[in-house]
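# What the coordinates show
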Amino acid sequence: MQIKEMEAAAEQVSELMKVLASKHRLLVLCQIVERERSVGELARLLDVREPAMSQQLAVLRREGLVRARRDGQTIYYSLARDDVRRLMQFLYDTYCGGDAARGEHR
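Bear in mind the structure is a predicted one, so any value in this text is a computation, not a measurement.

## Describing the pairing of strand β2 (residues 66–71)
Across six bridges, the pairing between β2 and strand β3 (residues 74–79) is antiparallel. Residue pairing across strands places R67 opposite S78, the latter belonging to β3. The antiparallel pairing of β2 with β3 creates a hairpin that spans two residues between the two strands, and G72 there sits at a positive phi of about 70°.

## Section: helix α1 (residues 3–20)
End to end, α1 covers 25 Å across 18 residues, agreeing with the expected 26 Å (1.5 Å per residue, within 8%). Those residues of α1 that sit buried are L16, V19 and L20. Mapping the buried residues of α1 onto a view down its axis gives an arc of 100°, with all of them on the same face. Facing away from the buried side of α1, by more than 90 degrees, are the exposed residues I3, K4 and K18. On its buried face, α1 is in contact with α2 (23–32), α4 (50–62) and α5 (82–95).

## Remarks on the pattern of salt bridges
Counted according to the given criterion, the structure contains seven salt bridges. Two residues, E7 and K4, come together in a salt bridge whose shortest N-O distance is 3.9 Å. Of this pair, E7 and K4 are both found in helix α1, three residues apart, which corresponds to roughly one turn of the helix. Three or more residues joined by partner-sharing salt bridges are found here, namely R35, R37 and E41.

## What about the confidence of the model for the chain?
Predicted confidence across the chain gives a mean pLDDT of 91, with 92% of residues reaching 70 or more. The element-level mean pLDDT for the chain is lowest in α5, coming to 92, with strand β1 (residues 37–38) highest at 97.

## Regarding the layout of surface pockets
There is about 170 Å³ of room inside the largest pocket. For the lining of the largest pocket, the element with the most residues is α2, which contributes five residues.

Parameters and conventions
- Residues numbered from 1 in each chain as written.
- Predicted model: local features only at pLDDT ≥ 70, side-chain atom pairs only at ≥ 80, totals over all residues.
- Heavy atoms only, no water.
- Pairing = 2+ DSSP bridges.
- Helix = DSSP H or I, 4+ residues; strand = E, 2+ residues; numbered from the N terminus.
- Expected span 1.5 Å × (residues − 1).
- Buried < 20%, exposed > 50% of the residue type's maximum accessible area, 1.4 Å probe, protein only.
- Arc of directions from axis to C-beta.
- Contact = heavy atoms within 4.5 Å.
- Salt bridge = Lys/Arg side-chain N within 4 Å of Asp/Glu carboxyl O.
- pLDDT = per-residue confidence, 0-100.
- 1 Å grid on protein atoms, 1.4 Å probe; cavity = no way out; pocket = protein on both sides within 12 Å on 5 of 7 lines; lining within 4 Å.
- Points joined across faces, edges and corners; volume = space filled by probe spheres on them.

Structural data, given as structure tokens:
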């Protein structure tokens with residue numbers, strides 16, 4: 001990979017990491033990594049008010065990490081990118097499951 005290509009990739013990854021730097025957004029993405037969820041369901045799971053959840057989802061949607069699907073009056077969110085799905089799965093496996101659950105990730 002040439003340095004110009006690496007710089008472009010680094011810029012893209014840097015922007016992604018800025019979005020993921022929020023604990024709240026990470027928790028949202030962890031909840032939708034396996035299946036889509038509604039705003040209300042996410043709010044209940046994460047114990048936040050729906051307006052606050054909608055704000056986080058708006059950021060994720062604006063950045064292209066999630067997509068929305070409307071069914072009547074309910075809006076469901078799912079991951080929009082495979083690279084984000086793989087990254088979230090890695091983070092979950094490393095910090096939330098397996099060895100991490102036993103305190104062996106450090």
